[in-house]
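The residues making up each chain are set out below.
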Amino acid sequence: MRYLLAAAAFLWSSLPSHAQATLSVTPAYAYVSATAPYGAFQLRNEGTQPLEIIVTAQYGVIASNKSETNIHLGSAGLLGDLTDRLTFFPERLIIDPGQERVVRYLVEGAEALPDGGHIALMHFRLQERAAVSDTAVPAIATAISIEYNLVAPMVVISGQGAPKLRAEVLSVRDDALSLLLHNESPFPFVGGITLARKGAQLTRTVTAIYTQRRIDLALRAPLMPGSYVLHFDHRYPGLSRAMQHALQRPEPLHFQY
């Protein structure tokens, strides 16, 4: 039985356009086995002001409805809660402009998890410390504080099982096909999705589906009435060849248009 850990970055931000805060996290997607369930995020401040970063982990998921994709806390469909097993250090750090720091993490007891996916959302809460302007009114001349969040889902895949996906057609335009993909299993999907007709590939995209995810497939020509099929693979940015071979692919999905 194999147990695999994955981490993927997702940005959720309401940062004002004038803000200077810019944080990069590498690797963008990190995967470790249960025999060595540890790793590190490399954080770099690419902005012009010092950043204070508070790191937390919460149970939740990144999921879509018919119109948008959001972060949902407190539930994750059929995926288990990883937060009680996840430890990391440091929990608070300050990074000066152009500098780097490391946040190390460990999943304890990964070998004891039930079969399926188990998730925790790593939250990097950033606070930019802007300098006070010399022209500011003395009564309000305090440092400006701006906050936003960088969220990285961390998922342990325990055992072997294939995701069970179902496709819902949302809209069809001349240049795009929009689908809502539902995952009806505890095994998340990460990889590529190819739209084909009569054996010919029409378009491809990549995504991660924990519970449900909207995808928009770009079309080079309008769809003709007929039968179509979605094929799945595990070619995904940052996904190692070992992980590609370890994960199981969903069955192809057929639909009529």
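The paragraphs below set out a description of the structure included in this document. (Residues numbered from 1 in each chain as written. Predicted model: local features only at pLDDT ≥ 70, side-chain atom pairs only at ≥ 80, totals over all residues. Heavy atoms only, no water.)

**What about the pattern of salt bridges?**
We apply this condition: A pair is scored as a salt bridge if a Lys or Arg side-chain nitrogen falls within 4 Å of a carboxyl oxygen belonging to Asp or Glu. Working definition: helices are DSSP H or I runs of at least four residues, strands are E runs of at least two. Numbering for both runs from the N terminus. We call a residue buried when its accessible area falls under 20% of the maximum for its residue type, exposed when it is over 50%, and partly exposed in between, using a 1.4 Å probe and counting protein chains only.
According to the stated counting rule, one finds eight salt bridges in the structure shown. Between R44 and E100 there is a salt bridge whose closest N-O contact spans 3.5 Å. In this pair, R44 sits in strand β5 (residues 38-45) while E100 sits in strand β12 (residues 100-107), placing the two residues 56 residues apart along the sequence. By relative accessible area, which is 30% here, R44 ends up partly exposed. Here E100 falls in the partly exposed class, since its relative accessible area comes to 43%.

**Some thoughts on the side chain of S64**
Short version of the rule: Whenever two N or O atoms come within 3.5 Å, that pair is a polar contact, provided that in protein one can donate a hydrogen and the other can accept it, and provided that, for residues adjacent in sequence, both atoms are side-chain atoms. Whether two residues touch is decided by their heavy atoms; if any such pair falls within 4.5 Å, the residues are in contact.
Mapped onto the elements, S64 comes out in strand β7 (residues 60-64). Residue S64 is classed as buried on the basis of its relative accessible area of 5%. Here R214 takes part through its backbone nitrogen, which lies 3.0 Å from a polar atom of the side chain of S64. Not counting chain neighbours up to four residues away, the residues in contact with S64 comprise T69, L180, Q212, R213 and R214.

**Describing unusual backbone geometry**
With omega at -5 degrees, the peptide bond leading from F89 into P90 counts as cis. Looking at where P90 falls in the secondary structure, it is placed in the loop between β10 (86-89) and β11 (92-95). Positive phi outside glycine occurs at K198, with the angle close to 55 degrees. Within the element layout of this structure, K198 appears in the loop between β17 (189-197) and β18 (200-209).

**Re the sheet that holds β5**
The condition that has to hold: Two strands qualify as a pair provided DSSP detects at least 2 bridges between them. Simply put, an axis is a line fit to the C-alpha atoms, just over the touching stretch for a helix, and the angle between two N-to-C directions goes from 0 to 180 degrees.
One open sheet holds the four strands; their spatial order is β3-β5-β12-β10, and the pairing between them is antiparallel. What marks the edges here is a single partner per strand, and that holds for β3 (23-26) and β10. Within this sheet the neighbouring strands show an average axis-to-axis angle of 25 degrees, counted without direction. As judged from the seven bridges shared by β5 and β12, these two strands associate in the antiparallel manner. Counted as the bridge partner of F41 is V103 from β12.

**Some thoughts on the environment of G60**
Within the secondary structure, G60 is located in strand β7. On the basis of relative accessibility, which here comes to 0%, the residue G60 falls in the buried class. In this structure, the C-alpha to C-alpha distance between G60 and I119, residues 59 residues apart in sequence, is 7.1 Å. If near-sequence neighbours (up to four positions away) are discounted, G60 is found in contact with H72, L73, G74, S75, A76, I119 and L121.

**Some thoughts on the nonpolar core**
Rules: To define a nonpolar core, start from buried Ala, Val, Leu, Ile, Met, Phe, Trp, Tyr and Cys residues and group those joined through side-chain atoms within 4.5 Å.
Formed by 26 residues in total, the largest nonpolar core has its most connected members in L23, F41, L43, I53, M122 and F124. The leading source of residues in this core is strand β14 (residues 145-158), at five residues. If we skip the residues at most four places from it in the chain, I53 touches L23, L43, E91, R92, L93, I95, F124, R125 and L126. Core analysis: the next-biggest nonpolar cluster, separate from the first, contains 20 residues, A63, A208, M243 and L247 among them.

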